[in-house]
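Results of the structural survey
Each chain, letter by letter, is given below.
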Amino acid sequence: MTTPEFPGAGSQQASPNHPPAAQPAYEASTQTLPPRPTRAKKPLNVVGLIALITAVLGFIFACMPGALIVGWILLPIAFVLALVSLFLKDKPKGLGITALILSIVGTIVGVVVFFAVVGSSFDNAFGSGDTKVVAPSGEGATNGEAAEAPAAKTGTRETPHPIGSVIESKDWRVVVNSVTLAATDAVVAANQFNDPPAAGSEYILVNYSVTYIGDDANGQTPSFVSVEYVTADGRTVNSYDKSVVEPDPISSNALFKGGSATGNKAFEVPSATAAQGVLAVRAGMLGDKVFVAAK
């Protein structure tokens, strides 16, 4: 007697009606790393950029005595724009911070230049009247003593005091030690950013000494003393008309009673008449203008 075979029992035999069971296919699994998150790039802070450009222009104009008003207009605008740019959502803050700092510094510089201009204008309108000039030894001396005269009566453009004269006011004593004509090479070589003079002009160097003899407990800076060059045709030239770094410039640090400083100031003057000009010296903000020969 034969035992019947049941499907699934034992090994299955292939038959036309019962094909063999398909075996599952196993593929090699591949592990895919998740993509790295990309940092979204913040858009340009346009307001901050405008604020920075405005602050730069305002700073430049604030340093120019003849264009102060433009700086006073641009700097507050830059300050406000910088503040606005800092509160914009999802915007970079770097440009706004830079513009904010530059607008503040520019305002401080503008205030200093403003008061310097006002002080210069005030000096031109008013003088203390107590400035004295002492000629150097051998120049106008009488009986071995230096000749002393009020600045208002001597030291005009037509008859300037000689180099080495001592100009003294209530607060300052000033001496022009020397005037070096044709000093272009020395000035240009003093700093790589110094530009050569314009065609037909040259640099001259005025070396002078200042001594503070006032009694201000906080001291005063040598910038209270002004030295200008007046051309032969009557035009005033200031050292800041063409800003350069002089060799051995005079210090701007505060001086206290008895303190002195010596240094150079450079002027761009016409080459043909450089020696014919004169120096206009004020010993302090309220000092009278005294003229000293350029040679």
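You'll find the structure just up there.
Below: a short report on this structure.

What counts, and where the lines are drawn
Residues numbered from 1 in each chain as written. Predicted model: local features only at pLDDT ≥ 70, side-chain atom pairs only at ≥ 80, totals over all residues. Heavy atoms only, no water. Helix = DSSP H or I, 4+ residues; strand = E, 2+ residues; numbered from the N terminus. Buried < 20%, exposed > 50% of the residue type's maximum accessible area, 1.4 Å probe, protein only. Polar contact = N/O pair within 3.5 Å; in protein donor to acceptor, adjacent residues only side chain to side chain. Salt bridge = Lys/Arg side-chain N within 4 Å of Asp/Glu carboxyl O. Pairing = 2+ DSSP bridges. Contact = heavy atoms within 4.5 Å. Patch = residues over 30% accessible without salt bridge, like charges linked within 9 Å, V, L, I, M, F, W, Y side chains within 5 Å. Areas by Shrake-Rupley, 256 points an atom, 1.4 Å probe, with all protein chains shown as cover. Core = buried A, V, L, I, M, F, W, Y, C linked by side-chain atoms within 4.5 Å.

For Thr131, the location among the structural elements is in the loop between helix H3 (94-125) and strand E1 (132-134). Under the relative-accessibility criterion, Thr131 is labelled buried at 2%. Within the structure, Thr131 has its side chain in polar contact with the backbone nitrogen of Asp288 (distance 3.0 Å).

Let us look at the pattern of salt bridges. Summed over all chains, the structure comprises 5 salt bridges. One salt bridge in this structure joins Glu168 and Arg173, with 2.9 Å as the shortest N-O distance. Take Glu168: its relative accessible area is 22%, and that puts it in the partly exposed class. Classification of Arg173 by relative accessible area gives partly exposed; the value is 31%. For the salt bridge of Glu268 with Lys242, the shortest nitrogen-to-oxygen distance reads 3.3 Å. Of this pair, Glu268 sits in strand E8 (residues 260-270) while Lys242 sits in the loop between strand E7 (236-237) and E8, placing them 26 residues apart in sequence.

Okay, the pairing of strand E6 (residues 226-230) next. For E6, the buried fraction is high: 4 of the 5 residues fall into the buried class. Pairing between E6 and strand E9 (residues 278-282): 5 bridges, direction antiparallel. Residue pairing in the sheet places Val227 in a bridge with Val281 of E9. Where E6 and E7 come together, 2 bridges link them in antiparallel fashion. Along E7, the bridge assignment pairs Tyr229 with Val237. Counting the residues that bridge the hairpin from E6 to E7 gives 5 residues, and of these Gly234 lies at a positive phi of roughly 90 degrees.

Turning next to the sheet that holds strand E10 (residues 289-293). Judged by pairing direction, the sheet is antiparallel, and its 4 strands sit side by side in the order E7-E6-E9-E10 without closing on themselves. Since the sheet does not close on itself, it has two edges, and those belong to E7 and E10, each with one partner.

The subject of this paragraph is unusual backbone geometry. Phi is mostly negative for residues that are not glycine, and the peptide bonds are mostly trans. If you check the backbone angles, Ala182 has positive phi at about 50 degrees while not being a glycine. Mapped onto the secondary structure, Ala182 falls in the loop between strand E4 (172-180) and helix H4 (184-190). Even without being a glycine, Asp248 presents a positive backbone phi close to 55 degrees. Within the element layout of this structure, Asp248 appears in the loop between E7 and E8.

Attention now moves to the environment of Leu86. Along the chain, Leu86 falls in helix H2 (residues 68-86). Relative accessible area serves as the criterion here: at 25%, Leu86 is assigned to the partly exposed category. A sequence separation of 39 residues divides Leu86 from Val47, and the C-alpha atoms of the two residues are 9.1 Å apart. With residues near it in sequence (within four places) discarded, Leu86 still touches Lys93, Gly96, Ile97 and Leu100.

Time to look at a nonpolar patch on the surface. Among the surface-exposed residues, Leu44, Val46, Leu49, Ile50, Ile53, Val56, Leu57, Ile60 and Met64 lie close enough to one another that they form a single nonpolar patch of about 740 Å² accessible area. Here Val46 is to be found in helix H1 (residues 46-62).

The next point concerns the nonpolar core. If you look at the biggest cluster of nonpolar residues, it comprises 27 residues, and the most contacted ones within it are Val206 and Val210. Within the residue set of this core, elements represented by two or more residues are E4, strand E5 (201-212), E6, E8, E9 and E10. The greatest single-element share of this core, amounting to 5 residues, is contributed by E5. If near-sequence neighbours (up to four positions away) are discounted, Val210 is found in contact with Trp172, Arg173, Val174, Pro222, Val225, Ile250, Leu255, Gly259, Ser260 and Ala261. Membership of the second largest hydrophobic core comes to 7 residues, among which are Ala51, Leu52, Ala55 and Ala78.

What follows is about the pairing of E10. Of all 5 residues in E10, 4 are buried, a share of seventy percent or more. Connecting E9 to the antiparallel partner E10 that follows it, the hairpin turn spans 6 residues, and Gly284 within it adopts a positive phi of roughly 110 degrees.

For Asn207, the location among the structural elements is in strand E5. Setting aside its immediate chain neighbours within four residues, Asn207 contacts Val175, Val176, Asn177, Ser178, Thr262, Gly263 and Asn264.

Keep in mind these numbers describe shape, not what the thing actually does.
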